[in-house]
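Tertiary structure, described
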Amino acid sequence: MASHRRPVLAANWKMNHGPTEAAAVIETFLQRHAARDDRTVIMFPPAISLAAVREHTRERTDVKLGVQNVHTAEKGAFTGEISAGMAADAGASFVLVGHSERRHLFGETDEQTAQKCARVVAAGLTPVLCVGELLEQRERGETETVVLTQLRAGVSQLAVGDVRTMLVAYEPVWAIGTGRTATPADATAVHRVIREALRERVGASALDIPILYGGSVNASNAAALLAADQVDGLLVGGASLEPVGWASICGA
Ligand code: PGA
């Protein structure tokens, strides 16, 4: 890992932990994870639990908040949805865009991820663009093509300056929630491809864009993945739900 990129440890709680549970979990986590200035922690609770988590993290500038998804529109008649502006108002600084569950369970397209990234930036927030291939795509040798298509589409409506300040997460779909993790070498190989595409878009400052790995990260494999070349952080689902284990990953 290049020394100028501070590792980012991001927790994606998905549809887990309502406000009461979220408050208890974050409190235990904060007791276990002392603030350190060489790490950034980002919590992505369900939007409905954001206020509860925010309440407990007010004193902790090392812990940032985000939401897991926003709508493509600024506002309007979209029952059940939230906008990037609302997420900002509620205290979020980051938004996951194009998570594989959004893409594959909810049919989100590359065009929508592009619109969402643009909305997120317009609301003053930072997108964390998620990209990753399905198992059959990997087996057909299409990993690079799939990841680059998703990446280029996702940043297509952003200005160069906005790409420079965003984050990217590589999450092979076959590794998400399956217990099957990419090896550090697998992650490095794809992260290199992503870094090169970012360099084509923004020049040398692509070196400053954090590229996180996600997919069955746990307390046992976190340190090795984080130490891998080109891996600047981790996006963790299942293993971030339990606060003691999450604190140990954040200390990896
Ligand atoms: P997982 O999920 O850690 O449970 O595999 C990662 C993610 O989907 O962000």
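Computed from a predicted structure; not experimentally measured. (Residues numbered from 1 in each chain as written. Predicted model: local features only at pLDDT ≥ 70, side-chain atom pairs only at ≥ 80, totals over all residues. Heavy atoms only, no water.)

Helix and strand content of the chain: 11 helices and 8 strands. Taken over C-alpha atoms, the radius of gyration comes to 17 Å for the chain, in line with the 18 Å a tight globule of 252 residues would show. With respect to the principal axes defined by its C-alpha atoms, the chain has extents near 45 × 45 × 35 Å. Sorting the 252 residues of the chain into buried and exposed places 54% on the buried side. (Helix = DSSP H or I, 4+ residues; strand = E, 2+ residues; numbered from the N terminus. Rg over C-alpha atoms; globule rule 2.2 N^0.38 Å. Buried < 20%, exposed > 50% of the residue type's maximum accessible area, 1.4 Å probe, protein only.)

Counted under the stated rule, the structure contains 14 salt bridges. With its nearest N and O atoms 3.6 Å apart, the salt bridge here joins R58 to E55. The salt bridge partner of D232 is R195, with a shortest N-O separation of 2.8 Å. A residue pair is termed long-range when its members are at least 10 positions apart, and D232 in the loop between helix 10 (222-227) and strand 8 (233-236) and R195 in helix 9 (residues 184-202) qualify at 37 residues. Judged by its relative accessible area of 0%, D232 falls in the buried class. (Salt bridge = Lys/Arg side-chain N within 4 Å of Asp/Glu carboxyl O.)

What surrounds the ligand is a group of 13 residues, the closest being K14, H99, E171, G177 and S216. Between the ligand and G237 there is a distance of 2.8 Å, counted from an oxygen atom to a backbone nitrogen or oxygen. Here G238 contributes a backbone N or O atom positioned 2.9 Å from an oxygen atom of the ligand. In isolation the ligand has 280 Å² of accessible area, and contact with the protein removes 95% of it. (Near = heavy atom within 4 Å. Polar contact = N/O pair within 3.5 Å; in protein donor to acceptor, adjacent residues only side chain to side chain. Areas by Shrake-Rupley, 256 points an atom, 1.4 Å probe, with all protein chains shown as cover.)

Another aspect to go through is the layout of surface pockets. As a volume, the largest pocket reaches approximately 570 Å³. Lining the largest pocket are 21 residues; nearest its centre among them are K14, M15, Q68, N69 and R102. In terms of residues, the lining of the largest pocket owes the most to one element, helix 4 (residues 100-105), which gives 3 residues. In this structure, the second largest pocket occupies an estimated 150 Å³ of space. Forming the walls of the second largest pocket are 10 residues, and the residues nearest its centre are R6, V8, T40, L167 and P210. (1 Å grid on protein atoms, 1.4 Å probe; cavity = no way out; pocket = protein on both sides within 12 Å on 5 of 7 lines; lining within 4 Å. Points joined across faces, edges and corners; volume = space filled by probe spheres on them.)

Core analysis: the biggest nonpolar cluster contains 62 residues, and M43, L151, I194, L198, Y213, L234 and W246 have the highest contact counts within it. Of all the elements, helix 9 adds the most residues to this core, at 7 residues. If we skip the residues at most four places from it in the chain, I194 touches V131, V147, L151, V168, Y170 and I211. With 12 residues, the next largest nonpolar core counts I42, F94, L96 and L212 among its residues. (Core = buried A, V, L, I, M, F, W, Y, C linked by side-chain atoms within 4.5 Å. Contact = heavy atoms within 4.5 Å.)

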